[in-house]
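# Secondary and tertiary structure notes
This is what each chain is made of:
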Amino acid sequence: MQAPWRARSAVFHDKAEDYDKWFDDSLLFAIELAAVRELQTPLVDPKIEVGVGPGRFARALQVAIGVDPALAALKLARQRNIKVIQAIGEQLPFAGGMAGSVFILFTLCFLAEPGKVLGECQRILRPGGHLVLGMVPASGAWGRALQAKKEKNHPFYRYASFYQARQVAGWLQAEGFAVVESRSSLMQGPGQLRAMEHSRPGLDEQAGFCLLVGEKR
């Protein structure tokens, strides 16, 4: 029987270059990256991104280490000077308490066991370290658009699951995190994206992108 993560990650290996090209001259990427940079919580080294993909966010955010099961995507990340490790989020290959900051950006919806991955992030963070989690809320226009793609068996989204931001905040708390900061961005809907946006404090379930920062208790 095929492991759930293997089926979910296969498309990111098979179509790694197509996915990587999506970032070129992307206003969407610029808006999402700006939101992460607008976080006020100090994020210290060493930094790890779980679900690093081709490494676009990691390079821009100076994240040194990237983990992903998709080998072709990791090869692209390595070309961007990211130290890459092929692994799954449910079994992170790091000692407990070694990380200062962990990032999960646009990966939560693809995880077979999101609670287990959050627990692994909690394990590898040092006390007082931070998990930065970026997500597309299910009830916003972008979440509904991605759900529609899932229902049409889109290759990237066929296995995706979309959640409410406050639901995910509850998961973080259950795994031993205190949610110390949140931000929302991408209020322009799909097909309406015209201008650069900056994030605002708090969780807005109608936003296209929400960030939650969990501090390890």
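Coordinates for the structure precede this section.
Reference entry: report on the structure contained in this document. As the structure is a prediction and not an experimental result, all values here were calculated from the model. Counting restarts for each chain, with residues numbered from 1 along the sequence as it is written. Side-chain atom pairs in this predicted model are given and counted only at pLDDT of 80 or more, local residue features only at pLDDT of at least 70, and totals for whole chains, interfaces and linings cover all residues. To obtain the side-chain values, all non-hydrogen atoms of the structure were included, while hydrogens and water were left out.

### Considering the overall build of the chain
- Check the secondary structure of the chain and you find eight helices and eight strands.
- Radius of gyration here uses only the C-alpha atoms, and the compact-globule reference equals 2.2 Å multiplied by the residue count raised to the power 0.38. Its C-alpha atoms give the chain a radius of gyration of 16 Å, within 12% of the compact-globule value 17 Å for 217 residues.
- When the backbone C-alpha atoms are referred to their principal axes, the chain occupies close to 45 × 40 × 35 Å.
- Of all 217 residues assigned to the chain, the portion counted as buried reaches 54%.
- By the convention used here, residues are in contact when the closest approach between their heavy atoms is within 4.5 Å. Across the chain, every contact between residues at least 6 apart in sequence was considered, and the portion connecting residues at least 24 apart equals 70%. Secondary structure follows DSSP: runs of H or I at least 4 residues long count as helices, runs of E at least 2 residues long count as strands, and numbering of each begins at the N terminus. Each residue's exposure class comes from its accessible area (1.4 Å probe, protein chains only) as a fraction of the maximum for that residue type: buried when under 20%, exposed when over 50%, partly exposed otherwise.

### What to know about the pattern of salt bridges
- By definition, a salt bridge exists where a carboxyl oxygen of Asp or Glu is found within 4 Å of a side-chain nitrogen of Lys or Arg. Inspection of every chain in the model, using the stated rule, returns seven salt bridges.
- Residue arginine 80 pairs with aspartate 20 through a salt bridge whose shortest N-O separation is 3.1 Å. Taken together, the residues span a long stretch of sequence, with arginine 80 in the loop between α5 (71-79) and β3 (83-86) and aspartate 20 in helix α2 (residues 16-21) at a distance of 60 residues.
- A relative accessible area of 14% means that arginine 80 is categorised as buried.
- For aspartate 45, the salt bridge is made with lysine 47, and the minimal N-O distance between the two is 2.8 Å.
- Residue aspartate 45 is classed as exposed on the basis of its relative accessible area of 51%.
- Relative accessible area serves as the criterion here: at 11%, lysine 47 is assigned to the buried category.
- Several salt bridges converge on common partners, so that one network encompasses Asp20, Asp24, Arg56 and Arg80.

### Topic: helix α7 (residues 141-151)
- Taken together, the buried positions of α7 are occupied by Trp142, Gly143 and Leu146. The buried residues of α7 occupy one face: seen down the axis, they fall within an arc of 100 degrees.
- Of the surrounding secondary structure, the elements contacted by the buried residues of α7 are α3 (27-37).
- Two residues or fewer past α7, asparagine 153 is found with a positive phi of approximately 65 degrees. As used here, the arc belongs to the directions running from the helix axis to the C-beta atoms.

### Side note on the nonpolar core
- The term nonpolar core refers to a set of buried residues drawn from Ala, Val, Leu, Ile, Met, Phe, Trp, Tyr and Cys, joined through side-chain atoms within 4.5 Å. One finds Val36, Phe57, Leu61, Leu105 and Leu211 to be the most contacted residues of the largest nonpolar core, which totals 39 residues.
- At the level of elements, α1 (4-14), α3, α4 (56-60), α5, β4 (99-105), α7 and β8 (209-216) are the ones that each hand at least two residues to this core.
- With six residues, α3 is the single largest residue contributor to this core.
- Residue contacts for phenylalanine 57: discarding those within four places in its chain leaves Phe23, Phe29, Glu32, Leu33, Glu49, Leu105 and Phe106.
- Val50, Leu133, Met135 and Cys210 belong to the second largest nonpolar core, which has 30 residues in total.

### A short note on helix α8 (residues 165-174)
- If you check which residues of α8 are buried, you get Ala165, Val168, Ala169 and Leu172. With its buried residues spanning 105 degrees around the axis, α8 presents them on a single face. Facing away from the buried side of α8, by more than 90 degrees, are the exposed residues Arg166 and Ala174.
- Contacts from the buried residues of α8 go to α6 (114-124), β5 (125-135), β6 (177-185) and β8.

### Description of the environment of glutamate 205
- Topologically, glutamate 205 is positioned in the loop between β7 (200-201) and β8.
- Taking the relative accessible area as the measure of exposure, glutamate 205 reaches 13% and is therefore buried.
- In this structure glutamate 205 touches Pro137, Ser139, Gly140, Gln164, Ala165 and Arg166, once residues within four positions along its chain are discounted.
- Of note is the side chain of glutamate 205, whose polar atom sits 3.0 Å from the backbone nitrogen of arginine 166. Residues adjacent in sequence count toward polar contacts only when both atoms are side-chain atoms; beyond that, a polar contact is any pair of N or O atoms within 3.5 Å, and within protein one must be able to donate a hydrogen and the other to accept it.

### Brief notes about the environment of glutamate 215
- In this structure, glutamate 215 sits in strand β8.
- For glutamate 215, a relative accessible area of 31% translates into the label partly exposed.
- Placed 38 residues apart in sequence, glutamate 215 and phenylalanine 177 show a C-alpha to C-alpha distance of 5.1 Å.
- Once residues lying within four places of it in the same chain are set aside, the contact partners of glutamate 215 are Gly128, Gly129, His130, Gly176, Phe177, Ala178 and Val180.
- Looking at glutamate 215, its side chain comes within polar contact range of the side chain of histidine 130, at 2.9 Å.

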